[in-house]
Amino acid sequence: PVELSTMRVCNNIKKILDKNLGKAACLKETAIYKRKEHQMRWGEIVKKRSDGGFYVEIDIEEGVPITSFCPNNYVGVHERGRLTAGQRRAFHIRRIEPVLLHHTARLKVTVDRVSKTLVERLLQSKIGGKAKIRCRNRYVGQKSFVESSAFLPREVILAASRELGEHIQVRVIKTARGARS
């Protein structure tokens, strides 16, 4: 016969092990995905929150969808009423961190649409990385001032402009031959 006290001890040990293994798995996942911070990813808006923020499903890696959160203050004022569930938009991965939610370790991914890096990465993705691009100033919903090491096609600039809902002014910077920037 098994005593009741030993069964309780085993259940407690199982709960503690399960909890600690969950935390370890979350920390490992965070370490893997932390390298993906400050990158641009396409995501679909899943659900809008009452405070104005929304949940976005993004693919951090190919075929691995993760639900992330975009707070209201990380969306441009010009887009706050226009973005709805089901739309597919470009997002900047702002932060990836582990959190405890109801005593369960989870991965919290925060994305935004107001970063200067989003402009740079969006243009880079359109041209395939053929030039160095730097966003010097961004007035969200108004205009972005971009410097490029090479000429950017008009279609690329217009496509990025439509995605962000703002004008993009590109200035080509010529560097001296052989000089590093």
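Residues numbered from 1 in each chain as written. Predicted model: local features only at pLDDT ≥ 70, side-chain atom pairs only at ≥ 80, totals over all residues. Heavy atoms only, no water.

(A) Fine view of the overall build of the chain. The helix and strand inventory of the chain stands at three helices and eight strands. When the helices and strands of the chain are read in sequence order from the N terminus, they spell out α-β-β-β-β-β-α-β-β-α-β. Relative to the 2.2 N^0.38 estimate, which gives 16 Å for 181 residues, the radius of gyration of the chain is 22 Å and therefore markedly larger than a compact globule would have. Looking at the chain residue by residue over its 181 residues, the buried ones come to 34%. In the chain, the share of contacts with a sequence separation of at least 24, taken over all contacts with a separation of at least 6, comes to 53%. Summed over all atoms, the accessible surface of the chain reaches about 11,800 Å², with 52% contributed by carbon and sulfur. Side chains of the chain give 37 positive and 18 negative charges; the mean places of these two sets differ by 5 Å. (Helix = DSSP H or I, 4+ residues; strand = E, 2+ residues; numbered from the N terminus. Rg over C-alpha atoms; globule rule 2.2 N^0.38 Å. Buried < 20%, exposed > 50% of the residue type's maximum accessible area, 1.4 Å probe, protein only. Contact = heavy atoms within 4.5 Å. Areas by Shrake-Rupley, 256 points an atom, 1.4 Å probe, with all protein chains shown as cover. Lys, Arg positive; Asp, Glu negative; His and termini not counted. Charge placed at Lys NZ, Arg CZ, Asp CG, Glu CD.)

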